[in-house]
Amino acid sequence: MNQAVLSKLKAIVGENHILTEFEDRYCYSFDSTFINSMPDLVIQPGSRDEIAAICRIAYANDIPVVTRGAATGLSGGAVPVKGGIVIETTRLNKVLEVNTSNFYAIVEPGTITQDYLAAVDKAGLFYPPDPASSKMSTIGGNIAECAGGPHGVKYGITRDYVLGLEVVLPDGSIVQTGNLIDGDMSGPDWTMLYCGSEGTLGVITKIMLKLTHKPQAKQTMMATFSAIEDAATTVSTMMASGVIPTTLEIMDNMTIRAVENFLNIGLPIEAGAILLIEVDGDPQAVEKHVQHVLKVCNDCNASSVKVAKTAQEADGLWKARRSVSPACGKLNPTKISEDATVPRSRIPEMVSAVQAIAKKYNLKMVIFGHAGDGNLHPNILSNKHDKEEMARVEKAVEELFQVALKLGGTLSGEHGIGYLKAPFLVWETGEEGFKFGKDVKQAVDPKSLMNPGKMFDYHDDKAV
Ligand SMILES: Cc1cc2nc3c(=O)[nH]c(=O)nc-3n(C[C@H](O)[C@H](O)[C@H](O)COP(=O)(O)OP(=O)(O)OC[C@H]3O[C@@H](n4cnc5c(N)ncnc54)[C@H](O)[C@@H]3O)c2cc1C
């Protein structure tokens, strides 16, 4: 990087917050996918104004800027595929306010999701979006990816809780969207433009979030099925039956075995699938809903349904769910995590299609995820150094996307488009929709410097 530019950047954040050594930069060349690409420089700013000053310099010198939270992203969003500056937000890590009278919180983007959830819980309130990565991910990353999570089935996902944002635009100017009362502002909903924008339209520097009441009671259950098809039918039947569980998560046989191997907690390793189901609300409603869940599961051929007797037992079941990714990650060197999502009623068809695709391409594929949302996570367990296998993986992924779209679904329920799904985005948007996305990007970021090469800025030039 040009020495004059480097000196200016050092003057903004101080020498200690700029990483230029190869070893340091290498650590910022990847996220939680299998791709990597080196940044020229990593900067760890400590304030919004520092971020704005960095963006002004980058803009004047045509340098790409990639914002990075905790790099738990699963679509290559934080990978600097065109080099440039990585702005790491983790020094902006404060929960600035939890307002218990007006039910909102104001948070800095680099706050770890779990720290934020704990602050809200301590104040006696509830913020439902709960990505399984919450112990690592940042709130800024959650907004930028519009993260979902197990609670999504009843409470909705990140976008349902964002009241407003402060954003540094590509040229360094600063805008605020929304407001603390109800999120509304005159004109189009710019807050939603940024929710799921994956760092391609600016750097989110402050976040205003809606809070709600904590449920008075909850109950966790684990339903075991000999056949995954029955578990899939249970999901669509349950959702149509009038009781919406708080969570409805699925794990197939290979996932159950991987987690049991990892945690050794007595999961039913012979089962075709399990469903983790939670209901919440006032105590009487919870009791009624438990009975309802038991009936639906039994009607759909569950071989057993275990109701957690204690909070520790429930925690154990959720620990099993949270351990799915690391447990499956141990099975093969490369884990490719997809999240193509279909309408809930089409889950049984999607499960059959995933199984057929795995068989057709002779690939090891596990199924788990937020089934109640229609958001299955078919994960392909492979080895990125095996070229022949990776060619089959590519074909299988394309076919997964085609099936999901044919069933009325989407390429991504929550992991975003990033770099890896960018070539396929046009299948979902259509040519005109894709052009509209490109035009919006061009209007906000005319030099294409914010997270270039991602989403609508994709060009067919495989960089990694
Ligand atoms: C084990 C595991 C489990 C997961 N479970 C879930 C799940 O249940 N639900 C779910 O939705 N996702 C899940 N994910 C994916 C991932 O955790 C989420 O996408 C998360 O929101 C990313 O947060 P991050 O801080 O790691 O962002 P990063 O990976 O650092 O960045 C993701 C994208 O957001 C952009 N970005 C980050 N911060 C900002 C900012 N301040 N301003 C503008 N752009 C920004 C980046 O440029 C990038 O494009 C999981 C991942 C793993 C590894």
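Counting of residues starts from 1 at the beginning of each chain's written sequence and follows it residue by residue. Only residues with pLDDT of at least 70 are given local features in this predicted model, and only at 80 or more are side-chain atom pairs given and counted; all residues enter the totals for whole chains, interfaces and linings. To obtain the side-chain values, all non-hydrogen atoms of the structure were included, while hydrogens and water were left out.

Going by an unreviewed UniProt entry, the protein carries the name Putative FAD-linked oxidoreductase and comes from bioreactor metagenome. UniProt annotates the protein under Cofactor (unreviewed entry) with the comment "FAD". UniProt positions are given in the numbering used here, feature names are shortened, and annotations may be inferred rather than shown by experiment. Its UniProt record, at the heading Sequence similarities (unreviewed entry), says of the protein: "Belongs to the FAD-binding oxidoreductase/transferase type 4 family."

Visitor: Help me understand the nonpolar core, please; the structure alone is not making it clear to me.
Guide: Generally speaking, nonpolar side chains in soluble globular proteins are found buried as a group. Judged by nonpolar contacts, the single largest core of 57 residues is most densely connected at Leu275, Ile277, Met350, Leu376 and Ile380. Strands are runs of DSSP state E lasting at least 2 residues, helices are runs of H or I lasting at least 4, and numbering of each runs from the N terminus. Here this core gets seven residues from one element, more than from any other, and that element is helix α14 (residues 387-406). Working rule for contacts: check all heavy atoms of both residues, and any pair within 4.5 Å makes them a contact. Contact partners of Leu275, with chain neighbours within four places excluded, come to Met221, Met222, Ala223, Phe225, Ala231, Thr234, Val235, Leu248, Glu249 and Ile250. Among the nonpolar cores identified, the runner-up in size contains 25 residues, and Val162, Leu165, Cys195 and Ile207 belong to it. What is meant by a nonpolar core is a set of buried Ala, Val, Leu, Ile, Met, Phe, Trp, Tyr and Cys residues, joined one to another through side-chain atoms within 4.5 Å. With a 1.4 Å probe rolled over the protein chains alone, any residue whose accessible area is under 20% of its type maximum counts as buried; one over 50% counts as exposed, and the rest are partly exposed.

Visitor: I tried to follow the pairing of strand β4 (residues 85-88) on my own but got confused; where do I start?
Guide: Within a regular strand, side chains alternate between the sheet's two faces. Where burial is concerned, the two faces of β4 agree: the one with Ile85 and Ile87 and the one with Val86 and Glu88 are both buried. Here three bridges tie strand β2 (residues 41-43) to β4, and the two strands are oriented parallel to one another. For Val42, the partnering residue across the bridge sits in β4 and is Val86. Pairing between strands requires that DSSP locate at least two bridges from one strand to the other.

Visitor: Would you mind showing me how to read the pairing of strand β18 (residues 375-382) here?
Guide: Among the eight residues of β18, eight are classified as buried, and the element is accordingly described as predominantly covered. On β18, burial covers both faces: Asn375, His377, Asn379 and Leu381 on one face and Leu376, Pro378, Ile380 and Ser382 on the other are all buried. Sheet topology places strand β17 (residues 364-370) next to β18; seven bridges connect them, and they run antiparallel. Along β18, the bridge assignment pairs Phe368 with His377. The hairpin formed by β17 and β18 contains four residues between the paired strands, and Gly374 there has a positive phi angle of roughly 80°.

Visitor: Teacher, can you tell me more about the state of the cysteines here?
Guide: What makes a disulfide is a covalent bond joining the sulfur atoms belonging to two cysteines. The disulfide criterion is simple: two cysteine sulfur atoms within 2.5 Å. In total, this model carries zero disulfides according to the counting rule given. The closest cysteine sulfur to the non-disulfide-bonded Cys55 is located on Cys195, 20 Å from its own sulfur. The class for Cys55 is buried, based on a relative accessible area of 1%. Its sulfur unpaired, Cys195 is 4.1 Å from the next cysteine sulfur, which belongs to Cys146.

Visitor: For this particular structure, what's the right way to read the layout of surface pockets?
Guide: Space left empty within the atom packing is revealed by a probe, the size of a water molecule, rolled over the atoms. Grid spacing is 1 Å over the protein atoms alone, the probe is 1.4 Å, and a cavity is where that probe fits but cannot get out, while a pocket is an open set with protein on both sides within 12 Å along at least five of seven lines and lining residues have an atom within 4 Å of a point. Grid points are joined across faces, edges and corners, and a volume is the space filled by probe spheres set on the points. Within this model, the second largest pocket holds a volume of roughly 980 Å³. Of all the secondary-structure elements, those providing two or more residues to the lining of the second largest pocket are α4 (113-122), β7 (125-126), β12 (217-225), β14 (273-281) and α11 (311-322). Residue contributions to the lining of the second largest pocket peak at six residues, all from α11. Each residue is assigned to one of three groups, with Ala, Val, Leu, Ile, Met, Phe, Trp, Tyr, Cys and Pro labelled nonpolar, Asp, Glu, Lys and Arg labelled charged, and all others, Gly among them, labelled polar. When its residues are assigned to classes, the lining of the second largest pocket shows 17 nonpolar, nine polar and eleven charged. For the purposes of this description, domain bounds are those given by an automatic or database domain assignment. Counting the residues that make up the lining of the second largest pocket, at least three belong to each of domain 2 (95-213) and domain 3 (217-326).

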